[in-house]
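Understanding the architecture of this molecule
Take a look at the letters that make up each chain.
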Amino acid sequence: MSDALDLFLELASVPSPSGEERAVADRVIRYLHDCGLDADEDDAGARVGSTAGNVFARLEPTVPGEPVFLCAHFDTVPPTDAVEPVVDDGVVRNARPTILGSDNKAAIAVMLEATRRVLSENRRHAGLELVFTPKEEVGLLGAYAFDHTRLAARTGYVYDKAAAIGEVILGAPSAQQLDITFHGRAAHAGMYPEEGRSAIAAAARAISEMRLGRIDDETTANVGQIRGGTAANIVPEWCSVVAEARSHDDRKLAELVQEMQDAVTFAAGIAECQVETKMTRSYRAYRFKRGDLAIRLAAEALERCGFEPTYGLSGGAADANVFNERGLQCVNLANGMAEIHTPDEHIAVADLEAMVDVTLALVDAAASSTNGAAKPSVHQGK
């Protein structure tokens, strides 16, 4: 087995749902120390509610060029069974009916193995920095808590797109979450129902008035959680709803969120209920141009490794959203993982090994760059 595969199998077998990343973080730190690197961990764990903080390491440049940073996250969505990774006909799967954790442990394994080879092979590089974050799956919390001013590099990459190697993500959406609570009036549902005011009925009316699903090519909306009531024979006096909207266009996002809020206000009025809405900006959109340095370096690396670059937009967020919001250039690259967040999640061994080569090619391309420091042209939304 290859070194990248060995490391991935080891990491995948260790559960690390959001907030419980300690064991995986410790393994990453040991690996970096074994490579002779000083790896430090910040205090983000305590601030975001995790057992681990952000782990950071730096390789000082050996030649002029464009320094780069690589980022991957420790956490996975919660597994519902043990994780027992097995290799079946060249593909890594979980022998148990739950996630594999290739999101994002495949990226961790690849980045660490590529770093080891840069050092062991004395490869020329213009500076390489590594960031590993907790609690990405629940709101990019580790990345938001990381002090990005520690980075010397202005150009970075995450491997957090479930698609064939070669896809380069040019943009990701903004998202806004709505936490809505309806307050009605309790009453006995069999004896005095007319005296009650159903908070659940108000929530149902609001949801029925919302446009949900895919709104257009850039915009989506969803109601993901609803809770309420105390018993079947009591008119429910409360009901809470969690909804979200996403768009690559901030104007469209604002209009859709206002539309959802109008549906909530209307439904509360019809049902004679009170309502509270808390709106939270989850993350901001970004968009690259194909001529941007970070995109050109990625395309060059992919082509060197025999992959034809393709370009697309993502409907989801990654730690890249955070770094781009902070003025850096951070590109999300597909790494071959498939069916993530499901019991059918898998990744080909060949893709693990190929992404090590792509990473080394990125380092080589950056070392050959004569552009100097990257000047981000990434813009927020549209």
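Quick caveat: nothing in here was measured; it's all calculated off a predicted structure.

Definitions and limits used
Residues numbered from 1 in each chain as written. Predicted model: local features only at pLDDT ≥ 70, side-chain atom pairs only at ≥ 80, totals over all residues. Heavy atoms only, no water. Pairing = 2+ DSSP bridges. Helix = DSSP H or I, 4+ residues; strand = E, 2+ residues; numbered from the N terminus. Axes fitted to C-alpha atoms, helices over the stretch in contact; angles between N-to-C directions. Contact = heavy atoms within 4.5 Å. Parallel < 35°, antiparallel > 145°, perpendicular 65-115°, else oblique. Left-handed = near helix turned anticlockwise from the far one by under 90°. Phe/Tyr/Trp six-rings, centres within 6.5 Å; stacked < 30°, edge-to-face > 60°. Buried < 20%, exposed > 50% of the residue type's maximum accessible area, 1.4 Å probe, protein only. Expected span 1.5 Å × (residues − 1). Arc of directions from axis to C-beta.

A look at the sheet that holds strand β17 (residues 346-348)
Strands sit in the order β4-β5-β17 across an open sheet of three strands; the sheet is antiparallel. With partners counted over all chains shown, the strands left at the sheet margins are β4 (85-88) and β17, one partner each. In this sheet, neighbouring strand axes are inclined to one another by 30 degrees on average, regardless of whether the strands run parallel or antiparallel. Sheet analysis places strand β5 (residues 91-94) next to β17, joined by three bridges and oriented antiparallel. Pairing of valine 92 across the sheet is with isoleucine 347, part of β17. Packed on one face of the sheet, helix α1 (residues 3-12) meets β4, β5 and β17 and runs near 140 degrees to β4.

Here we look at the packing of helix α8 (residues 293-304) against helix α10 (residues 349-367)
Following both chains from N to C, one finds α8 and α10 inclined at 125 degrees, their axes separated by 8 Å at the closest point. Classified by the angle their axes make, α8 and α10 are oblique. Crossing geometry of α8 relative to α10 is assigned as right-handed. Within the contact between the two elements, α8 uses Leu297, Ala298, Glu300, Ala301, Leu302 and Arg304 and α10 uses Val358, Ala361, Leu362, Asp364, Ala365 and Ala366.

Some details on the packing of aromatic side chains
According to the stated counting rule, one finds five aromatic pairs in the structure shown. Considering the side-chain rings of phenylalanine 56 and phenylalanine 146, the 5.9 Å spacing of their centres and the 45 degrees angle between planes classify their relative orientation as tilted. With phenylalanine 56 in strand β2 (residues 55-59) and phenylalanine 146 in the loop between α5 (141-145) and β7 (155-161), the pair connects residues that are 90 residues apart, well separated along the chain. Taken individually, phenylalanine 56 and phenylalanine 146 each receive the classification buried, so the pair is uniform in this respect. Between phenylalanine 69 and phenylalanine 323 the ring centres are 5.0 Å apart and the planes differ by 55 degrees, which places this aromatic pair in the tilted class. Of this pair, phenylalanine 69 sits in strand β3 (residues 68-73) while phenylalanine 323 sits in helix α9 (residues 319-325), placing them 254 residues apart in sequence. The same class applies to phenylalanine 69 and to phenylalanine 323, which are both buried. Ring pairs connect the aromatic residues Phe56, Phe69, Phe146 and Phe323, which therefore count as one cluster.

Points about unusual backbone geometry
Between aspartate 103 and asparagine 104 the backbone carries a cis peptide bond, its omega angle lying at 20 degrees. Mapped onto the secondary structure, asparagine 104 falls in helix α4 (residues 102-120). Notably, glutamate 339 is not glycine yet its phi reads approximately 55 degrees, a positive angle. Within the secondary structure, glutamate 339 sits in the loop between β16 (329-334) and β17.

Quick notes on the environment of isoleucine 108
Examined against the element boundaries, isoleucine 108 turns out to sit in helix α4. Setting aside residues up to four positions removed in sequence, isoleucine 108 forms contacts with Leu11, Val24, Val28, Ala72, His73, Phe74 and Phe132.

Things to note about helix α7 (residues 250-271)
A rise of 1.5 Å per residue sets the reference length of α7, with its 22 residues, at 32 Å; its end C-alpha atoms lie 32 Å apart and thus fit the reference within 8%. By the burial criterion, the buried members of α7 are Asp250, Leu253, Leu256, Val257, Met260, Gln261, Ala263, Val264, Ala267, Ala268 and Ala271. Here the buried residues of α7 occupy an arc of 150 degrees about the axis, which is enough to place them on one side. Lining the buried residues of α7 we find β9 (174-183), α6 (199-209), β10 (213-216), β11 (219-228), β12 (238-247) and β13 (274-283). Glutamate 272 sits one or two positions beyond α7 and adopts a positive phi of about 55 degrees.

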